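# Breakdown of the fold
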Amino acid sequence: MAESMSVPATGGAPTAVAEPILQVRGLVKHYPLTQGILFRKQVGAVKAVDGVDFDLGAGETLGIVGESGCGKSTVAKMLVNLERPTAGEIRYKGEDIAKLSSRALKAVRRNIQMVFQDPYTSLNPRMTVGDIIGEPYEIHPEVAPKGDRRKRVQDLLDVVGLNPEYINRYPHQFSGGQRQRIGIARGLALRPEIIVADEPVSALDVSVQAQVVNLMDRLQSEFGLSYVFIAHDLSIVRHISDRVGVMYLGRIVETGRDAEIYDHPTHPYTQALLSAVPVPDPEAREHRERIILSGDVPSPANIPSGCRFRTRCWKAQERCALEVPLLAVPAAFRYEGGPAAHPSACHFAEEKQVVPPEEKRDLPSGEAPQEPPKS
Amino acid sequence: MLLEVRDLHVEFRTRDGVARAVNGVSYSVDEGETLAVLGESGSGKSVTAQAVMGILDTPPGKITGGEILFKGQDLLTFKEEERRKVRGAQMAMIFQDALSSLNPVLSVGAQLGEMFTVHRGMSRKDAKAKAVELMDRVRIPAAASRVGDYPHQFSGGMRQRIMIAMALALEPALIIADEPTTALDVTVQAQVMDLLAELQRELNMGLILITHDLGVVADVADRIAVMYAGTIVESAPVHDIYKAPAHPYTKGLLESIPRLDQKGRELYAIKGLPPNLMNIPSGCAFNPRCPLARDVCRTDVPPLYEVTEAGADGRSACHFWRECLHG
Ligand SMILES: Nc1ncnc2c1ncn2[C@@H]1O[C@H](COP(=O)(O)OP(=O)(O)OP(=O)(O)O)[C@@H](O)[C@H]1O
Ligand SMILES: Nc1ncnc2c1ncn2[C@@H]1O[C@H](COP(=O)(O)OP(=O)(O)O)[C@@H](O)[C@H]1O
Ligand code: SF4
Ligand code: SF4
Ligand SMILES: [Mg+2]
Ligand SMILES: [Mg+2]
């Protein structure tokens, strides 16, 4: 047991954040794989999350991107306490939440709320919208005395742009985008500081997606929220995030400010992911190099030795099979600084521009191009 | 012209009323050409395709008007028996969800081989050899040793490639791919789209590519037809649509996509929601959401105007297409 559950070494502190509200260190979730009916014997583990580090600053948005099965939702569930980590720490304002008394933990939980992926299945069809949004008050009655609740729920409906008179309706009477607004209203009910949103717009159509993303933007500035925004759509993540972490097979392989990741990626996986994003404008595509990866993502029950990306990496060499690359600023960029100097877990990290530079594209008026930070 | 759909109408009669899913769709594809049909969920993309394939759920569905000309013959006048012969041999369809369209209890080799034993009267042995050849062609590694495996033993991307192999088996003249990569991850999406485009070129097939994602079709489509509430609202060559959309809905869709290469404050969002198909607004169906709408839009259904400017080769169902094009 101890063997297969051993905690992998990780690369230490990620990019410094001025005032972290949440610090995640060495976070691991392994699901045991067992065999036998009478004597359940552990034969391995699904390493859904295998050593994740990040900081979330107060009022900022951290985007987490990665392909299906890389562990995004599992991270989200651990952040809101729906799953217990196998190892690692989640520190809320400096305190490890695993070590809190149950009373203190309850207060922390109130401050970290989740919005789920699928607006069609995450709402109980037999509850009215009022009951759904007000349900958190049952668990945390101190936030809103009973007599106040209806008014609170109506205010929340108004905040997310739904008619307060809809309070007695049922989920099936709403469209996908409206249901996602209900999910967001519910996430806001306890006035949390942090919202963990797991693919909040992935199930929505483009025109409705934009409405919900704008709503989340507005709520963030209105209530000073911090977001962990999970998605597989890199364009949406760039739009909403201050910093981005790219996940592959249970680990963050590259992290940095949005311009560092999108305009100066140094990890081959990030480069491939960016180059594969469907871009609508055919002319913009012509400026791009496309990297088509071969093969599929390996099973998280059977992670390759050394660098976990090596089975699909076009740059892989012998060293990659032997040595685990740590998530740290690669030596090549450490001293010169600049936008390429951000953590990247690759032995052979190199800058490669995949998205054409912004100067070439016409920006809407009043919008300055993102300046990469000078260090 | 290989396929020409003319003024197609399809309704669904349900307990709650009549849903007008397709209201006068016309489009065409030629050999070697790729037509992308773009639209949000519920706009009628799949129902149109099902009508073309002859696999519409009837009832509750009913084709209430129009023609579907395939190599010049109206398929809607064919008997079911003749229709079946066309299906598979001359036109084939690829669905979004490969796992549920493959038979879970038959090996993929058996399913591929069946195409040849049933339609071509081949022996089992020859059919198996053909199956391996096809799996090779869609780049399943070690095809010969995997031909006996079952669908669940393959990854999502591989299953979708097997679906493509199945559709290509009899080298049909037309392929309809309904959201073939929607269920796949971006890196795998790119692999599958590339493969599909390459085989289409090689076999000179007509391809109808249905999608809700503008980005997916940019590389491979020749023309795009945009659907809204069961009608084509705009159709044009790919490059024209991006450069100068001639319909406010297309324009809104393009603007609401966040872009990788820019970071704006607020995304453009089309206000409101797509209409309920049991109660489509009068006049132009898009009028309650349209920033250009005025009185005539609420009363008169816009015809599909020819966009006659600057060598453009498009059509737009908007009374004010000129304004849209220049504004
Ligand atoms: N309860 C569980 N038992 C065993 N394995 C699990 C469990 N939950 C998740 N996994 C596995 O852990 C891995 C990560 O799953 P997770 O849901 O976090 O992925 P994800 O990145 O959110 O993917 P998606 O983009 O598809 O939502 C997957 O391989 C999944 O099958
Ligand atoms: N078997 C069916 N019974 C009733 N309504 C249906 C059926 N199939 C499709 N529809 C309706 O027809 C409309 C168009 O559907 P569809 O063509 O599947 O949309 P999409 O553009 O997303 O492919 C939708 O409103 C859908 O609910
Ligand atoms: S460490 Fe090696 S295999 Fe891993 S990403 Fe870098 S080059 Fe590729
Ligand atoms: S016809 Fe009128 S309502 Fe319809 S798209 Fe054109 S301007 Fe808008
Ligand atoms: Mg998930
Ligand atoms: Mg469909």
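Residues numbered from 1 in each chain as written. Chains lettered and ligands numbered in written order. Predicted model: local features only at pLDDT ≥ 70, side-chain atom pairs only at ≥ 80, totals over all residues. Heavy atoms only, no water.

We apply this condition: UniProt positions are given in the numbering used here, feature names are shortened, and annotations may be inferred rather than shown by experiment.
The name an unreviewed UniProt entry gives chain B is ABC transporter ATP-binding protein, with Streptomyces apricus as the organism. Comment text from UniProt for chain B, heading Subcellular location (unreviewed entry), reads "Cell membrane".

### Some thoughts on the pattern of salt bridges
Once their charged atoms are close, side chains differing in charge can pair, the charge on each being opposite to the other. We apply this condition: In what follows, salt bridge is the name for a side-chain nitrogen of Lys or Arg lying within 4 Å of a carboxyl oxygen of Asp or Glu. Secondary structure counts use DSSP, requiring at least four H or I residues in a row for a helix and at least two E residues in a row for a strand, with both numbered from the N terminus. When accessible area is computed with a 1.4 Å probe and restricted to protein chains, residues below 20% of their type maximum are described as buried, those above 50% as exposed, and intermediate ones as partly exposed.
In this structure the tally under the stated criterion is 31 salt bridges over all chains. The residue A:Glu67 makes a salt bridge to A:Arg312 at a minimum N-O spacing of 3.5 Å. Of the two residues, A:Glu67 sits in the loop between strand S3 (61-65) and helix H1 (72-79) while A:Arg312 sits in the loop between helix H10 (282-286) and helix H11 (318-322), which places them 245 residues apart along the sequence. Like A:Arg312, A:Glu67 is buried. The salt bridge partner of B:Glu81 is B:Arg84, with a shortest N-O separation of 3.5 Å. Separated by three residues within a single helix, B:Glu81 and B:Arg84 lie in helix H2 (residues 80-89), roughly one turn from each other.

### Overview of the UniProt feature "domain: ABC transporter" (unreviewed entry) in chain B
Under the feature "domain: ABC transporter" (unreviewed entry), the UniProt entry names residues 5-254 of chain B. Helix makes up 41% of residues 5-254 of chain B and strand makes up 27%, while its end C-alpha atoms are separated by 26 Å.

### Focus on the nonpolar core
Here is the rule we go by: Residues belong to one nonpolar core when they are buried, are Ala, Val, Leu, Ile, Met, Phe, Trp, Tyr or Cys, and are joined through side-chain atoms within 4.5 Å. Note: domain ranges come from an automatic or database domain assignment. Any two residues whose heavy atoms approach within 4.5 Å are treated as being in contact.
The biggest cluster of nonpolar side chains holds 103 residues, and the ones touching the most others in it are B:Leu3 and B:Tyr27. By residue number, the principal contributor to this core is helix H7 (residues 156-168) of chain B, which donates eight residues. Here this core spans two domains, and each of domain 1 (3-221) and domain 2 (234-326) of chain B adds at least three residues to it. For B:Leu3, the contacting residues outside a window of four places in its chain are B:Tyr27, B:Ser28, B:Val29, B:Val52, B:Ile68, B:Leu69, B:Phe70, B:Leu174 and B:Ile208. Core analysis: the second largest hydrophobic core is formed by 68 residues, A:Tyr137, A:Val201, A:Leu225 and A:Phe309 among them.

### As for the confidence of the model for chain B
Residue and element names in this part refer to chain B. Spelled out, the test is: Per-residue confidence from the predictor is reported as pLDDT, which spans 0 to 100.
Per-residue pLDDT for chain B averages 89, and the proportion of residues at 70 or more is 98%. Helix H12 (residues 295-299) holds the highest mean pLDDT among the elements of chain B, 97, whereas helix H3 (residues 98-101) holds the lowest, 76. Across the interface, the model reports ipTM at 0.75; the global pTM reads 0.81.

### A word on the pairing of strand S10 (residues 231-237) of chain B
Residue and element names in this part refer to chain B. Put simply, the rule is: DSSP bridges decide pairing: two strands pair if at least two such bridges lie between them.
Of all the seven residues making up S10, five are buried; the element is thus mostly covered by neighbouring parts of the structure. Pairing analysis gives six bridges linking strand S9 (residues 223-228) to S10, with the strands arranged antiparallel. Within S10, the residue paired with Val226 across the bridge is Glu234. Remark: two residues form the turn of the hairpin made by S9 and S10, two consecutive strands paired antiparallel; Ala229 in that turn has positive phi of roughly 50°. In this structure, S10 lies alongside strand S12 (residues 314-316), joined through two bridges in antiparallel fashion. Its bridge partner lying in S12, Glu234 is registered against Ser316.

### Some thoughts on the packing of aromatic side chains
Residue and element names in this part refer to chain A. Short version of the rule: To pair, rings of Phe, Tyr and Trp, with the six-membered ring standing in for Trp, must have centres within 6.5 Å; the planes then decide the type, stacked if under 30 degrees apart, edge-to-face if over 60, and tilted in the middle. In this scheme, the term charge over a ring applies when either NZ of a lysine or CZ of an arginine sits within 6 Å of the ring centre and within 35 degrees of the ring normal.
Under the criterion given, the structure shown has seven aromatic pairs over all chains. Ring centres of Tyr248 and Tyr269 lie 4.6 Å apart, and the angle between their planes is 55°; on these two criteria the pair is classed as tilted. Here Tyr248 is found in strand S9 (residues 243-248), whereas its partner Tyr269 is found in helix H9 (residues 268-276), with 21 residues between them in sequence. Judged by its relative accessible area of 1%, Tyr248 falls in the buried class. Among the aromatic residues, ring-to-ring pairing joins Tyr248, Tyr269 and Phe309 into one connected group. Sitting above the plane of the Phe348 ring, Arg319 keeps its charged end 5.9 Å from the centroid.

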